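If you want the building blocks of each chain, they are given just below.
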Amino acid sequence: MGYDISYHPISEQQIETWYFELLRNPEKIEAISARHQLEDFYKTKYQDTLNAGRETDKNDYFDKTHGFFIAVVQGFFEQYFYVRGGALSFSQNELLTNYYKRWEDFVQQEFLTNNIGNKLVENYCSGVFIPAEKVAQLIDDYQQNPAIKAELDTLFSDNRISIFLRALQFAKERGLGLLEATEVVEPQPFDLNESKSYSNLFNCDKEGPLLYRKAALQQIQEIEQRNGLPENEILPNVKTETIHVDPQNFETIPTSRPSKKKSFWNRLFGKD
């Protein structure tokens, strides 16, 4: 079991221009879509994402609504990076909090909700946000501070650190921050062509899904070897199933109020 984590290079100004400004002024989507040459298919998904954002109210989790939608929107415009199961939000090390910026510190009050985690609270959610100036600092500290390097290498083990560093470097070179999210993209490791994304799948950096595929195939091979099975005996019978649970050590606020956005996303993306 793991989380489909993605990292989205985006600046605070882009968050305002691509998302919050369009919540206030829906007609501006035409100019922005034309400027960035968005295909009609992605323009429609962009519009639907903004519509969902306008339905957010004060009792919703910011991270599960606006934060997640911002990550989705970023993927319509720019490259993003996938890391299976590795997230800064999972760290209990206080050293890493020095690199984060809270939504409350730069989002206008009219869009803030009563519940803000500033980290992953469950699936389909945004996580921590690293502002542009901290992106460069985190890269430097990874190289020079053994404690930071050890923590990141643990969070992003099994070569996943290379993907996370790619995301940091991409953001640094463009003067952008980095937003964490979960389930924006859901790769199918045994058939990457069946992967799904709430955003633009083609903007997902390919190295992350390929690493996930390699690890999944290796696990299948190890099972076959332990059980004395012929090579490729298991793979044709593998059935993947997504199981969503809350991240550990984080208490979300329970609610009996049904989600008005569930049917919206089901209709748009064919989710169960």
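As the structure is a prediction and not an experimental result, all values here were calculated from the model.

Conventions used here
Each chain has its residues counted from 1, running along the sequence as written. With the structure being a predicted model, the display of local features is reserved for residues of pLDDT at least 70 and the display and counting of side-chain atom pairs for 80 or more, all residues being used for whole-chain, interface and lining totals. Only heavy atoms go into the side-chain values, all of them from the structure, while hydrogens and water stay out. Secondary structure elements are taken from DSSP: a helix is a run of H or I of four residues or more, a strand is a run of E of two residues or more, and numbering for both begins at the N terminus. Contacts are residue-level and defined by heavy atoms, with any inter-residue pair within 4.5 Å sufficient. Side-chain atoms alone can form a polar contact between residues adjacent in sequence; in general such a contact is a pair of N or O atoms within 3.5 Å, and within protein one must be able to donate a hydrogen while the other accepts it. The predictor attaches a confidence to each residue, and that confidence, scored 0 to 100, is pLDDT. Lines fitted to C-alpha atoms define the axes, with helix axes restricted to the stretch in contact, and inter-axis angles between N-to-C directions lie between 0 and 180 degrees. Any angle between 65 and 115 degrees counts as roughly perpendicular, while under 35 counts as roughly parallel, over 145 as roughly antiparallel, and the rest as oblique. Working rule for handedness: look at the near helix, and if it is turned counterclockwise from the far one by less than a right angle, call the crossing left-handed; if clockwise, right-handed.

Chemist: Honestly, the environment of Asp205 in this entry has me stumped. Any pointers?
Modeler: As for its placement among the helices and strands, Asp205 is situated in the loop between strand S6 (196–197) and helix H8 (207–226). As a C-alpha pair, Asp205 and Ile163 span 42 residues in sequence and 9.0 Å in three-dimensional space. Sequence-distant contacts of Asp205, that is, excluding residues within four places in its chain, are made with Gln79, Tyr80, Phe81 and Arg166. A polar atom in the side chain of Asp205 sits 3.3 Å from the side chain of Gln79.

Chemist: Which parts of the structure should I look at to understand the confidence of the model for the protein chain?
Modeler: Parts of the model with low pLDDT should not have their predicted coordinates read in detail. Averaged over every residue, the pLDDT of the protein chain is 85; residues scoring 70 or more account for 79%. A low-confidence stretch, residues 242–272 (pLDDT under 50), is modelled with 61 contacts involving residues beyond four sequence positions or located in other chains.

Chemist: Looking at this structure, I do not really get the packing of helix H3 (residues 40–54) against helix H4 (residues 63–77). What am I missing?
Modeler: Between two packed helices, what matters for the description is the angle formed by their axes and the separation of those axes. At a minimum axis separation of 10 Å, H3 and H4 run at an interaxial angle of 165°. Between H3 and H4, the angle is such that the two are roughly antiparallel. For the pair H3 and H4, the crossing hand works out as left-handed. Taken together, the residues of H4 that come into contact with H3 (itself represented by Tyr42, Lys45, Tyr46, Thr49, Ala52 and Gly53) are His66, Phe69, Val72, Val73, Phe76 and Phe77.

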